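Now for the letters of each chain:
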Amino acid sequence: MDYVSNTVTERNDMLKEIGVETVEEIFNSIPEEVKLKRGLKVSGGISELFLKDYMKEISEKNSSLVGYTSFLGAGAYDHYVPGIIDHLISRQEFYTAYTPYQAELSQGTLQVIYEYQSMICELTGMSVANASLLDGGSATAEAILMAARISRNKKILLSAGLHPAYREVAHTYGVPKNLDFVKIGLEGTTTNLTELEENLDKDVAAVVVQYPNFYGSIEDMEKIQKLKQQYKKVLLIVVANPIALGLLKSPGEFGADIVTGEGQPLGNTLNYGGPYLGFLSCKDERKYIRQIPGRIAGATEDAEGNVGYVLTLQTREQHIRREKATSNMCTNEALNAAISTIYMATMGKAGLREVAEKSFKKAHYLAEKIDELDKFKVLNMNDFFYEFKVETKLSVKKVLSDLKQEKILGGVNLSRFDEEGILLSVTEKRTKEELDRLVQLMEAM
Amino acid sequence: MSTPNDLYYTENHEWISLDGEEGVVGITEHAQEELGDIVYVELPTVDEGLDQFEEFGVIESVKAVSDVFTPVSCVVTEINESLMDQPELINEDPYGDGWLIKVELKDKSELDELMDSTEYKSFLEGE
Amino acid sequence: MAERLIKDYSSPGRKGYSLPPLEIPEVDMGDYIKESYFRDELKLPEVSEVDVVRHYTALSELNYGVDSGIYPLGSCTMKYNPKRNEDIARIEGLSQLHPYQDEEDLQGSFEFLYELKRDLAEISGMDEMTLQPASGAHGELTGLLIIREYFEDKGIEKSKVIVPDSAHGTNPASAVMAGFDIVEIESNKDGMVDIDKLKEAVDDKVAALMLTNPNTLGIFEKDIKEIADIIHDAGGLLYYDGANLNAIMGYARPGDMDFDVLHLNLHKTFSTPHGGGGPGSGTVGIKEFLRPYLPRPVLKKDAKNYYWDYDRPKSIGKVHAFYGNYGVLVKAFSYIKTLGGEGLTKTTENAVLNANYMKAKLKEEFLLPYQENSLHEFVLSGVKQKEKGASTLNIAKRLLDYGQYAPTIYFPLVVKEAMMIEPTETENVDTLNRFIETLKKISEEIEKNPELVKNAPHNTSVRKLDEVKAARQPNLRW
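This one's a predicted model, so the numbers in the text were calculated from it and none came from an experiment.

Draft legend 1. Focus on the overall build of chain B. The helix and strand tally for chain B stands at four helices and nine strands. Helices (α) and strands (β) of chain B occur, in sequence order from the N terminus, as β-β-β-α-β-β-β-β-β-α-α-β-α. Taking 2.2 N^0.38 as the reference for a compact globule, 127 residues should give roughly 14 Å; the C-alpha atoms of chain B span a radius of gyration of 13 Å, in line with that estimate. Each of the 127 residues in chain B was classed as buried or not, and the buried ones make up 51%. Long-range contacts, defined as pairs at least 24 residues apart, comprise 63% of the intrachain contacts of chain B with a sequence gap of at least 6. With an accessible surface of roughly 6,000 Å², chain B has 41% of that area assigned to carbon and sulfur atoms. Between the averaged position of the 5 positive side-chain charges in chain B and that of its 34 negative side-chain charges there is a distance of 2 Å.

Draft legend 2. Quick look at the sheet that holds strand E16 (residues 412–413) of chain A. Residues and elements named next belong to chain A. The four strands lie next to each other as E13-E14-E17-E16, forming an open sheet whose pairing is antiparallel. Strands at the two margins of the open sheet, each flanked by one partner only, are strand E13 (376–378) and E16. The pairing of E16 with strand E17 (residues 422–425) spans two bridges and is antiparallel. Bridge pairing links Val412 to Leu423 in E17. Lying on the sheet, helix H13 (residues 334–372) is in contact with E13, strand E14 (387–392) and E17; it crosses E13 at an angle near 140 degrees.

Draft legend 3. Representation of the confidence of the model for chain C. Looking at chain C, pLDDT values average 96 and 100% of them are 70 or higher. Prediction confidence for the complex, expressed as pTM and ipTM, is 0.96 and 0.97 respectively.

Draft legend 4. Quick look at the pairing of strand E6 (residues 55–61) of chain B. Residue and element names in this part refer to chain B. The element E6 is extensively covered by neighbouring structure, given that six of its seven residues are classed as buried. Relative to E6, strand E4 (residues 38–42) runs antiparallel, the two being bridged by four bridges. When the bridges of E6 are listed, Glu42 appears paired with Val58. Direction of pairing for E6 relative to strand E7 (residues 65–69): antiparallel, over a ladder of five bridges.

Draft legend 5. Molecular detail of the pattern of salt bridges. Tallying each qualifying case throughout the model produces 71 salt bridges over all chains. Residue Glu78(B) is joined to Lys102(B) by a salt bridge in which the shortest nitrogen-to-oxygen separation is 3.9 Å. One end of the pair, Glu78(B), is in strand E8 (residues 74–79); the other, Lys102(B), is in strand E9 (residues 101–105), with 24 residues separating them in the sequence. By relative accessible area, which is 36% here, Glu78(B) ends up partly exposed. A relative accessible area of 28% means that Lys102(B) is categorised as partly exposed. The partner of Lys331(C) in a salt bridge is Glu86(C), with the nearest N and O atoms 3.1 Å apart. Here the residue Lys331(C) occupies a position in helix H9 (residues 326–362), and Glu86(C) occupies one in helix H2 (residues 83–89), the gap between them amounting to 245 residues. Comparing Lys331(C) with Glu86(C), the two get one shared label, buried. One salt-bridge network, in which partners are shared between bridges, spans Arg38(A), Glu122(C), Arg253(C) and Asp256(C).

Quick notes on the rules
Residues numbered from 1 in each chain as written. Chains lettered and ligands numbered in written order. Predicted model: local features only at pLDDT ≥ 70, side-chain atom pairs only at ≥ 80, totals over all residues. Heavy atoms only, no water. Helix = DSSP H or I, 4+ residues; strand = E, 2+ residues; numbered from the N terminus. Rg over C-alpha atoms; globule rule 2.2 N^0.38 Å. Buried < 20%, exposed > 50% of the residue type's maximum accessible area, 1.4 Å probe, protein only. Contact = heavy atoms within 4.5 Å. Areas by Shrake-Rupley, 256 points an atom, 1.4 Å probe, with all protein chains shown as cover. Lys, Arg positive; Asp, Glu negative; His and termini not counted. Charge placed at Lys NZ, Arg CZ, Asp CG, Glu CD. Pairing = 2+ DSSP bridges. Axes fitted to C-alpha atoms, helices over the stretch in contact; angles between N-to-C directions. pLDDT = per-residue confidence, 0-100. Salt bridge = Lys/Arg side-chain N within 4 Å of Asp/Glu carboxyl O.

So this is what it looks like as structure tokens:
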């Protein structure tokens, strides 16, 4: 099956119209020395039925979360995804549409983006949001570059409480721009504020903290706010979990200048790490807004005075500003932003809070019980949101593999990040039975 | 196309008017027409020193961006703050209310390198 | 009538969600978190499920996708998005996977990802691919960072990247993000790379030349071997922007043209949906000598299993927190398996046939600024029509009135009043004829009634939108 609709007869007529005998003739503009003189060695050319059978077979070589009770988090969370989302974003006018440059035929996409931007602003306590970035990691990097441009400084203080993969992406983006990254260590599972204070000076572009952080802990945002206020030029970048923001005070209220993070928890399928959703929002200050990377939708009027939406402030972007653009962003995560928009609309004021609350409460119920066990200790009992770090005298590898035999994915082995311990996250999806069973099994170890 | 006689002009379509050692700089009617509706202007800070033909600001329309360059070496004495909220003044009155910066010239002889209105008119016809 | 905002459906206390019960004994959150950390108010809408469904359904009706009709955007390759790929991407065993699950649980996915890498390398003539970049521009950045790391590793100082004036805006933007300065070279009168200007621009500080081939005019750079030699002899590398790959699959491969690094746009050439602006995937291909610098981890295979190799001391690092847009990769893989090598070649042939047919039928009515043979896309100029009273912008907006999407306009910058048209292979001749007739009709309208075209669109859900107001008085949230 190929997707070429024209029949042989139609193609021959078209060739006549062009004035050639065969289609190969048109390719004569490719020099012989460069032409491929054999067929492509790519297997395929199969029917829809065979394709589906084949992919089903492939899927059966995986063991997905369907067969497990999962406590995996660390940047990707197993929250409940309302059924209507997939139906709505499967409407072809949404998902087969291009970037909304021809605004009059793209009011659907543009209005969804506008609603997305609005709700992200509400959640993060900021005034302006963009239409999406590629993921939480690259969004953090873009926020850092933005802060460097605004402050005209090069020093970036990165909390060790930031997801290690995000720190790595930040380095990858920042080193070629001669940014100077200083890692601020931890005290327990939160940012060491003494170290932060010692490293703050007038050459700092930004302080970057995660909220809740990689270990699930809530940082001392009040103190961090006070510290950074001593230096006018320093920006506070907060990398936030959007579900937690359903319950926690917004970073905007703690003086954040830029808020960014991973929007996956807002209704996006786990999908082995992507496509995900980078969100970015900032203060309502001209010099900030003009430095935002990526697309932005704005409301305006049409020739008859009706409300309509367009992409705006495009002179920041690469298609106009080229080498002076705020970023190279072109294709973004628009459909994932649409997913999150519908999620935020569906859950709404009460629902998002309830997801956050239930995740929080179930996580604390579990953590208390684990902490009581002899061989396990919860490190951040007093300041975590719905993810926590567990230490054990037993082999972490063995603990997790034993739990896996029982069809439980007991958490992320922190050896993945050259640390010791287990990172466990609990969402509203976990039942009392599942939580109790996990404790039972751990107790017996 | 308006090309006032008492001004000096650059190839990048800036103009400068003189009053002793002080000057006022803006962009020409031709330039504002090319740009279309102006939506944003970026200007330097007061007291900034500039060399002749150094970039001092940016003027943006919806779909285009134009750098602006100073016709003379100078120190910026005043910037047109009204343009922050009313960038359209440049479109409406490019030689008057749409002025960009006021400057103190460092070297009046540099004016010899600029065009007068007749030369600028010919320059426009050639373009 | 315009559709309201979702918040306008809101009514205090209205709910549209269903969550599982708490079940566990109540927990007093105040025992764990300071009062001052609790949010006072969360101002999100309070709507019912029916409200949400009706609202977003109504919004979808204000949109136009490939499934609505022709979408001839040059260099975007808006081909049909096969539905079977959507079904496959939703197979739970493929999609319900957490990025930090054990590798032994992921051997199925690793198998298809590995085959995808191999297939993309074969199609493009490269030695290895990374699937991590999540968009074309992301791929450009990744490729340029690889180039940067290579020269740093060799102790060779490089500061510049050469970009033709016809290049897509992401090329110079990505090069600057990778820490380079841009040298822009003017195209020659045929819209191709000017060899003399290239020779002048090249020096020992040039890290790379970025090119797409065919170029943005749809014309194949026949001097590509000479261009490659000029850059390589000067100690630079050659980067390929894969946006136009649909023009050459099975006929030529960038790797055989001596390109060292490239990116492919899976959401263009390989049919994955554009989603209203994303997600996409910009997989990057390299020649063997650049292997050490690939982003980590790299997917590898030993005697028994597939695994992620993180031990890459010379890697540029990571450009994505996880592994890239996996959900998009599944769809591209399904597409490639559906077509196979022969099908991909046939795809290219028909993309080129469709474009050349349209060009043959439109070049009388509209100015064809470049007479050279073109492949999968071509550029017309609306200057004749502009003289009669309506610009390319007006023509584009008038097309919308006829329920058809406009081509790319005002790009490439080298053509005045440009219209860049790429029909792709999935359009049939009737749709092409309809588009051609409509463009001719609009051209006639400009002669007889230019105001009609200048004030277009008339029939869309909104009339022409005030972009000046949107930029001068930004209203970016409710």
